Structure formats: C-alpha cells, structure tokens
2 protein chains.
Amino acid sequence: MRAAVLRGGGVHVRDEVEEPVPGPGQVLVEVAACGICGSDLHFARHGAEAQALGARMEGVPRPSRGLDLGQDVYLGHEFACRILEPGPDTEAPPAGTLVTALPFLPHPGGETETIVYSNSTKGGLGERMVLAAPMLLAVPNGLPAHLAALTEPMSVGLHAVVRSGIEADGRAVVVGCGPVGLAVVAALAQRGVRTIVAADFSPARRALAAGLGATEVVDPRVDSPWSRVPRGRVTAFEAVGVPGVLDEILRCAPWRSRVVVVGVCMGADTWHPYFGLNKELSLDFAIGYSPDEFGATLHAIAEGLIDVAPLVTARIGLDELPWAFAALRNPEEHCKIIVEP
Amino acid sequence: MRAAVLRGGGVHVRDEVEEPVPGPGQVLVEVAACGICGSDLHFARHGAEAQALGARMEGVPRPSRGLDLGQDVYLGHEFACRILEPGPDTEAPPAGTLVTALPFLPHPGGETETIVYSNSTKGGLGERMVLAAPMLLAVPNGLPAHLAALTEPMSVGLHAVVRSGIEADGRAVVVGCGPVGLAVVAALAQRGVRTIVAADFSPARRALAAGLGATEVVDPRVDSPWSRVPRGRVTAFEAVGVPGVLDEILRCAPWRSRVVVVGVCMGADTWHPYFGLNKELSLDFAIGYSPDEFGATLHAIAEGLIDVAPLVTARIGLDELPWAFAALRNPEEHCKIIVEP
C-alpha cells in the first residue's frame, strides 16, 4: 500500500509499504482523512533533539520500541477511518462504518503504544492502518471524515482548558492561534468563558480565533494581549512552542496568574524564574487528552457546537504531502491540511 | 547610629547613619537580633541583574521608590526587636517588649514597602529601625531574640508547603537544604507528611534536615533523591535557586508531579519544557508568606514544635558582618548567622 514517511528531515511517499495486519483486539481500517499536525513538521526537523531529550528523561516508563530516525518513520495521528475487517476474535462495527479513535494501540506484551511516530506501526498518513477495537468511536450525525479528523487536535484544546480549571468568569489569554491555540479558544468558548483574548501575528489566524469564540483578537506586534484583560489574575495558554514565548508570558502575566503550556517546544529554552517567583505564578503543562475529553470533542463537533470547517484550508492526496509540509510554514495561507489517502 | 549597608558587591558597616524616625502608625525599635538571608548574599553580587529584571517585569505595580545601587543599601529582614517608642498617635506594646514583625512598612501615600533593600528605610542589620504598629507580634513564651529572628525564614517554608497543597500521605522531595530548604522540611514535618526526602551536597546540612524531620537524606553526588520515594506523583521543592537545578528536577520528577519553586534565582536559566510537557508536570512559584503563616510559625517555634536552635551556627556583632558574608559561602561551616547589633 502507499504511505507517507518522515526521513532525513522531510516527508516522502512510499508506494510499496507492507500492509498492516490486525492482531487480536485490533481492527484493520481504511484511512478516510488524516490531519497534518504542527508537531509532525516539528518532528521532521527536530526529531533527533526530541529523541535525545526523551532518552534523558526519567519518571516515566521508557518505551521498549525504540525509534530509528535513520529508517522510515510512519506518522499521522489525527484520523477518521472506515472499518475494513476485525482481527482474530475481535468485535468491531460493520465494515464501512466511519470511526475515529484515540491514537493508542495496546500490544500483547501489555505496553500501549501511542500511534504517533514509528518505524513499524502505520499511522493515518497512509492508505490503511490498524486501530484498537476498544478505542473506536463511531462518527455520529453524518459528520464528514475530513471534519471528524479534527477530533484529535480539538481534544488537545479541551484537555488544556480542563487542566487549567478556568471558570466562566475567568480571564483567558491565548498566545498563538495555530491549530492548538484555536482548539483552546474553541474549548474556552464552549465552557462559557466570557473573556478570551487571543494573540497571533497572522490576520488569517486571528480571524479563525474570532470565529471560534475569542472575544478579542490582538496582533502582538501592535498591541499587548495583557492590556486587553481586566485587572487581576489571568489564565494564559502558551500555544506556540517556540523558545522565548513562555518567558515573555511570565514577564507580562499578572500576579498569581496560571499559565498552561500546551505548545510543544522540543529544544532548550531560556527563561527567568525571577518573573514567576516575584508574581507567584503557576504553570501547568498539558499534553494529550482523556477518553472522555476525546468523546466530548467528537460530539461537540458533530452536533455543530464547534464549527471546525473554517480550519480546514486544503484537502489533498498523499502525493501532495511534501507541498503541504512546505505550505504549512506560512500561517497566512493554511491552518489545517487534511490528507485523504 | 551604626548600620550595615550593601555597596559595590560587598557589605560594609557605617558608623554615622541617620537615626530612623517613626511616623504615625510606626514604632521605633531597637534591633535585638537579625538573621543574614541567602538572598542578601545573592543580592550583594547580583542586585543589578535582579533590578534590571524587575524593571522589565509587568503585571505588578511598580514601586515608586527606586533603588540606587550606586548608593548605600540598607538591609536585614529577619529581625526580632525591642520596643523603644511609638510614633505620633500610635499605640504600641510597652517599651522593652520583644517583638517580631512582617517586614512591610505602609507609607502615607498608601504604598506598602517591603523592608528588604532600600537607600532610605533601615533594615534589621543596624542598631535601630522603624516597624509598622499593625505588623507587630509580641514574642511569646520567653523565646530568645536570636531564635525569634528565625520566624521570617521559617515562614517562607510554611508558605511553600501550604502552596503545594501536599497532604500527610504525599511524597516530598526537597532539593537543597539551605535555610529555605530546611524551613520547607520543618513545615512538611509539622504538617505530618510521612515521606520527606531531602537532598544536599553538605553533610552538615543533611544532618540539620534530618533533625528537622526529613525521613531520609541524600547526597545527590552519591544517590538520587528520586530513587528514595515510592512510585507515583511527588511534590518537589526547588530550594537552591541556581541555574540548572529546576531543569534537573523536571527531568527526573515522575508523571504529574508538582514542583514548588522557592529558591531565588536572579538570573537567566535554561530548561527543557519538553520534560514538563511529556510528564504533565505542574510548577508553583512561592515567595513570602501570609500574616497567618508568619504568626503560626512564630508560635510553632515558641512552643518548641520546631527546634530552630541547631540552625544558628554563629551569633555576631555588626563588625563581623563582612566575615559572615564570606563564611556563609561554605555550607559546611555555617547555616544561619544571627547579628546582634
């Protein structure tokens, strides 16, 4: 089958990739739509750095399946798929059912792999993949596949907002309106938060933020988002993931503010703890989502509570992936590009 | 009168300092004892850096009283004093009463100054100073002045522990056993926390930590404090304030751990947000204390619940301050040096 891979800092399409075979508890599916995540672009360039940091990190179980960046790396974790056939002794929805799923794949040894970057496990940027039967969620309400594929990135925003604990009368500042920042804005609006100030250099991204419920949008070259919130504590979301951004948030945030870091920075960053200390700030890092958050997001999209259609700026085939990776570096042109393999 | 000042990176004793005069709501006191704080040493060397960061920082009111590091800077914020006389229209305890106080001085304009580093407001490293009448706490139980002076630094530890929200069944790792780390250990023990692992390079400091209630002490050159806590989330306290320490905590802390930053780092630091993100860590910065925490700490010391006597490794006069600033750079020799002006 055909599938995209990361290799040597770029993305390539392979024509003769081994077909995935579903094991017990797994289901073979045909990928109907898969989004390109900003971290895919980032990992293509900075994968070695991230891998080196991961190898140094303690306090979490070390995955037994090492990743060889010198080999092809399969990817794609924002997918909607149609059921083809279940593996041995496995129950699954009828063939043809449109599903999405949390990108987790339990293996017989007991370890659960995240379907994200792998030399062997196929992701959503290919024709077919296997999913874990217990992770499947049928797509309701006739929601098209290219919108159902946004369940995953939008869940990241909901998780960050849940983790922040912000209430409706809270004041939110969202720094960065890429897909992650936009997902945060949408989740804040869903939660009824009445002050949502979103900042991004790009007019197109600011327009998307306003459409998803930001109550005010700011170009940080022109104005400070911090000047647009009433006095008092703020809940800020760092959704850029570029060195220096978090330090600037710490410099500006009011006393006792909470900063949720949801942008993915894979390198070293320089900051001044002094800002955090003198203002008694709090930081919470947020990654991923719970099954509940994932399901709630799918239903919010399918019921029209969150309109993700404007985020999709292109729908392409596998062959156009190298173009898409280049195009996504211009925030004015594209937000979420969906691949329909 | 005589008082110590910071100037040109060092500490000096001046013989002819203008006498402080209590205004309305203020009380003139004679300093009986005043501790030297680690941040005094740090500020002597890095004051300009801290001042530059403070000038850049937003989100807090900017103090109207600028500090000129080219002039003498008065200091001393860990004091116990005897009442001399109240200012105009002010009620105060009888002359001779031993008191301590939160180091805050309200000014007629409405601004409240922290008694910490000032070109004009005298601190505890001098013969006399003025305190705000509402901030005074009489020292109970005949507690001697040189121990009452430890109320302030020990309160910093209580505040950090309160801010952490740790419960008795929580697992604490305290990185750094200088006075701040020791104050954290004491407050954790007071709170009944059953696992308190304290780490420091210095055997003398580790012995003090054990005496204050650490259930295990570790030399990080020999062993990792993280190997000494049961599996699961940890509440870690960064009580060193030196670049690199926080990143090492983020690298090692288990998934969903909380890190309370109470060490004062006045410079830039390099870290990897990737560690925090992948393990969904939380950081809370803690500085200072509330009046309740200050009062509770005074009573815990006076009632013998926290034995601070072993922390006091020298009692000196003003003239010996330059020696003390040098001596405190060796953690094996000294912990808390008390000046009795």
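Before reading on, note that the structure itself is shown above.
Heads up: these notes are all about the structure in this document. (Residues numbered from 1 in each chain as written. Chains lettered and ligands numbered in written order. Predicted model: local features only at pLDDT ≥ 70, side-chain atom pairs only at ≥ 80, totals over all residues. Heavy atoms only, no water.)

The number of helices and strands found in chain A is nine helices and 20 strands. A globule of 341 residues ought to have a C-alpha radius of gyration of about 20 Å, and chain A, at 20 Å, matches this closely. Here the C-alpha coordinates of chain A stretch approximately 60 × 45 × 35 Å along the principal axes. When the 341 residues of chain A are sorted by exposure, 57% land in the buried category. Residue pairs at least 24 apart in sequence account for 72% of intrachain contacts in chain A once pairs closer than 6 positions are excluded. Here chain A displays about 13200 Å² of accessible surface, and carbon together with sulfur accounts for 52% of that area. If the 27 positive side-chain charges of chain A are averaged to one point and the 39 negative ones to another, these points end up 8 Å apart. (Helix = DSSP H or I, 4+ residues; strand = E, 2+ residues; numbered from the N terminus. Rg over C-alpha atoms; globule rule 2.2 N^0.38 Å. Buried < 20%, exposed > 50% of the residue type's maximum accessible area, 1.4 Å probe, protein only. Contact = heavy atoms within 4.5 Å. Areas by Shrake-Rupley, 256 points an atom, 1.4 Å probe, with all protein chains shown as cover. Lys, Arg positive; Asp, Glu negative; His and termini not counted. Charge placed at Lys NZ, Arg CZ, Asp CG, Glu CD.)

Below, the discussion takes up the relation of the copies chain B and chain A. Between the two copies, chain B and chain A, the superposition gives an RMSD of 0.0 Å; the rotation angle is 180° and the shift along the axis is 0.0 Å. The superposition of one copy onto the other is thereby described by a two-fold rotation axis. When the interface residues of chain B are mapped onto chain A, 100% of them are again interface residues, pointing to one common binding face. (Least-squares fit on C-alpha atoms with pLDDT ≥ 70 in both.)

A separate point is the environment of A:Pro273. Tracing the sequence through the fold places A:Pro273 in helix H7 (residues 273-278). For A:Pro273, a relative accessible area of 6% translates into the label buried.

The next thing to look at is the environment of B:Ala204. Residue and element names in this part refer to chain B. Topologically, Ala-204 is positioned in helix H5 (residues 203-212). For the pair formed by Ala-204 and Val-184, sequence separation is 20 residues and the distance between their alpha carbons is 17 Å. In this structure, Ala-204 is in contact with Pro-331 and Glu-332, ignoring residues within four places of it in sequence.

What follows deals with H5(B). Residue and element names in this part refer to chain B. Turning to H5, its buried residues number three or more, namely Arg-205, Arg-206, Leu-208, Ala-209 and Leu-212. All buried residues of H5 project into a common sector of 160° when viewed along the axis, lining one side. Away from its buried face by more than 90 degrees, H5 exposes Ala-207 and Gly-211. Where H5 is buried, its residues contact helix H4 (179-190), strand E13 (195-199) and strand E14 (216-218). The backbone nitrogen of Ala-204 lies 3.2 Å from a side-chain oxygen of the residue at the head of H5, namely Ser-202. Of the residues trailing H5, Gly-213 is marked for its positive phi of about 125°. (Arc of directions from axis to C-beta. Polar contact = N/O pair within 3.5 Å; in protein donor to acceptor, adjacent residues only side chain to side chain.)

The subject of this paragraph is the pairing of strand E12 (residues 171-175) of chain B. Residue and element names in this part refer to chain B. The buried fraction of E12 is high, at four of five residues. As paired strands, E12 and E13 are joined by five bridges and run parallel to one another. Residue pairing for E13: Ala-172 is matched across the bridge by Ile-196. Once the chain exits E12 it traverses H4 before rejoining the sheet at E13, and the crossover so formed is right-handed. The pairing of E12 with strand E15 (residues 235-238) spans four bridges and is parallel. Its bridge partner being in E15, Val-173 is matched across the sheet by Ala-236. (Pairing = 2+ DSSP bridges. Right-handed = clockwise from strand over helix to strand, strands pointing away.)

Turning to the interface of chain B and chain A, a few remarks are in order. With 45 residues of chain B at the interface, the matching set in chain A holds 45 residues. For the pair chain B and chain A, the summed buried area comes to about 4200 Å², and 63% of that belongs to carbon and sulfur atoms. Area buried by chain B at its contact with chain A is led by B:Tyr274, B:Leu277 and B:Phe285, which between them contribute 18% of it. Our count for the contact surface shared by chain B and chain A stands at four salt bridges. (Buried area = accessible area lost by both parts, 1.4 Å probe. Salt bridge = Lys/Arg side-chain N within 4 Å of Asp/Glu carboxyl O.)

On to the side chain of B:His159, then. Mapped onto the secondary structure, B:His159 falls in helix H3 (residues 151-164). By relative accessible area, which is 8% here, B:His159 ends up buried. In terms of polar contacts, B:His159 uses its side chain to reach the side chain of A:Glu280, at 2.6 Å. Beyond its immediate stretch of four places on either side in the chain, B:His159 contacts A:Arg256, A:Glu280, B:Ala286, B:Ile287, B:Gly288, B:Tyr289, B:Ser290 and B:Glu293.

By themselves, these are just geometric observations and shouldn't be taken as functional.
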